[in-house]
Amino acid sequence: MKCKDLLGALSEYLDEDAKRELCAEIERHLAKCPSCKVEVDTMTRTVSLMRHLGEGRLREEVVIRLRTRICTRHD
Amino acid sequence: MEEERELLAQAKDGDREAFWELASPSVDPIYRLALRLMRSEEDAEDVLQETFLKALDRIQDFEGKSRFNTWLHRIAVNQGLMKLRKRRSDVFSVDAPTTGQNGEERSYELVDFSESALDGVVEGETRDVLEKALAELPIDLRTVVVMRDINHLSNAETAQALELPIGAVKWRLHRGRTLLRDRLSSYFQERVGSQGGGES
């Protein structure tokens with residue numbers, strides 16, 4: 001596998017959609033290519049940080065306003 | 001899925017409580033999406049309300065071919081885009097080739113920040129940088145990134161919500177993530193630079 005091939009398969013690898021053989025090939029490449037390792041590690045960290053942006057809940061009063069509008073809406 | 005079907009049937013019969021039970025798990029994700037689309041809390045709340053009221057009005061049109069949550073995402077994107085078009089303040093990008101696509105080799109040094117962002121906890125400043133970088137992404141990339149990485153929709157659900165081929169969703173996701181990562185990399189580079197500046 002070349003660096004270019006790894007970059008092409010990166011999203012699949014990050015989303016764990018890559019087939020087992022492809023994962024093994026990527027991991028073999030990562031073991032000997034420090035720049036691709038940084039590529040993968042930083043992308044993995046970015047995705048993980050993004051997932052944390054989804055934490056936290058909407059203010060209760062907004063939810064109550066929404067529920068009230070739904071329940072009182074005329075047909 | 002069975003429970004969703006039952007609630008849907010009741011909601012179609014006019015049961016508002018059933019509608020709420022069906023729709024309420026999507027309140028937070030739809031607000032998160034609306035907030036990143038509109039970049040304003042007030043507009044995001046409007047989009048949230050409009051999305052749920054539209055879903056209520058059009059409940060008879062929902063055939064259950066996708067998850068209810070996916071359908072709500074689709075309505076929310078349409079409502080948000082309509083509002084933005086009226087405002088005309090957002091530039092809509094297209095999938096024109098830009099730098100950094102799949103397979104393209106990197107021409108600059110990437111800073112390894114994978115250990116810097118502490119144990120997956122988003123520190124305040126990093127969170128702000130990431131939110132700002134997300135807000136600056138073209139809207140088509142931003143929408144996909146929010147749906148996939150913040151709201152945890154699958155590629156297939158995102159494609160369904162946006163009426164796009166899965167390949168386009170994957171491309172936008174990759175491009176969006178790469179731009180965000182590059183922004184974080186420059187941020188950590190600046191931080192390392194400013195910390196090391198006075199030591200020599």
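Look up: the structure comes first, before these words.
What you see is a predicted model, and the numbers here were worked out from it, not measured in a lab. (Residues numbered from 1 in each chain as written. Chains lettered and ligands numbered in written order. Predicted model: local features only at pLDDT ≥ 70, side-chain atom pairs only at ≥ 80, totals over all residues. Heavy atoms only, no water.)

(A) Main features of the overall build of chain A. Check the secondary structure of chain A and you find 4 helices and 0 strands. Listed N to C, the secondary structure of chain A is α-α-α-α in terms of helices and strands. Rg of the C-alpha trace for chain A: 21 Å, well past the compact-globule value of 11 Å for 75 residues, more than 25% over. Its C-alpha atoms give chain A principal-axis dimensions of roughly 65 × 25 × 15 Å. Buried positions account for 43% of the 75 residues belonging to chain A. (Helix = DSSP H or I, 4+ residues; strand = E, 2+ residues; numbered from the N terminus. Rg over C-alpha atoms; globule rule 2.2 N^0.38 Å. Buried < 20%, exposed > 50% of the residue type's maximum accessible area, 1.4 Å probe, protein only.)

(B) Local environment of the interface of chain A and chain B. Contact residues are listed per partner, giving 40 residues for chain A and 50 residues for chain B. The three residues of chain A that bury the most area against chain B are A:Met50, A:Leu53 and A:Ile70, which together make up 17% of that side's buried surface. There are 8 salt bridges connecting chain A and chain B. Where A:Asp15 meets B:Arg177, a salt bridge forms, and the shortest distance between an N and an O atom there is 2.8 Å. Scanning the region where chain A abuts chain B turns up 14 residue pairs in polar contact (both at pLDDT 80 or more). For the side of chain A that touches chain B, the elements supplying multiple residues, two or more each, are α1 (3-14), α3 (34-52) and α4 (60-72) of chain A. No other element matches the 13 residues that α3(A) contributes to the side of chain A that touches chain B. Here the residues of the side of chain A that touches chain B sort into 15 nonpolar, 10 polar and 15 charged. (Contact = heavy atoms within 4.5 Å. Buried area = accessible area lost by both parts, 1.4 Å probe. Salt bridge = Lys/Arg side-chain N within 4 Å of Asp/Glu carboxyl O. Polar contact = N/O pair within 3.5 Å; in protein donor to acceptor, adjacent residues only side chain to side chain. Nonpolar A, V, L, I, M, F, W, Y, C, P; charged D, E, K, R; others polar.)

(C) Representation of the packing of aromatic side chains. All names here are of chain B. Counted by the stated rule, this structure contains 6 aromatic pairs over all chains. Ring plane angle 85° and centroid distance 5.3 Å describe the contact between Phe-62 and Phe-68, whose orientation is recorded as edge-to-face. Accessibility assignment for this pair places Phe-62 and Phe-68 in one class, buried. A ring pair is formed by Phe-68 and Trp-71, whose centres lie 5.5 Å apart and whose planes are at 50°; its orientation type is tilted. (Phe/Tyr/Trp six-rings, centres within 6.5 Å; stacked < 30°, edge-to-face > 60°.)

(D) Structural view of the packing of α3(A) against helix α6 (residues 124-136) of chain B. Put simply, α3(A) and α6(B) touch, their axes get as near as 11 Å, and they point 95° apart. One way to sum up the angle between α3(A) and α6(B) is to call them roughly perpendicular. Across from A:Leu49, A:Met50 and A:His52 in α3(A), the residues of α6(B) making contact are B:Thr126, B:Arg127, B:Leu130 and B:Leu134. Residues that form the contact of α3(A) with α6(B) fall into these classes: 4 nonpolar, 2 polar and 1 charged. (Axes fitted to C-alpha atoms, helices over the stretch in contact; angles between N-to-C directions. Parallel < 35°, antiparallel > 145°, perpendicular 65-115°, else oblique.)

(E) A look at a negative patch on the surface. Taken together, the side chains of B:Glu3, B:Glu6, B:Asp13, B:Asp15 and B:Glu21 make up a negatively charged region of the molecular surface. Structurally, the position occupied by B:Glu21 is in helix α2 (residues 16-23). (Patch = residues over 30% accessible without salt bridge, like charges linked within 9 Å, V, L, I, M, F, W, Y side chains within 5 Å. Areas by Shrake-Rupley, 256 points an atom, 1.4 Å probe, with all protein chains shown as cover. Lys, Arg positive; Asp, Glu negative; His and termini not counted. Charge placed at Lys NZ, Arg CZ, Asp CG, Glu CD.)

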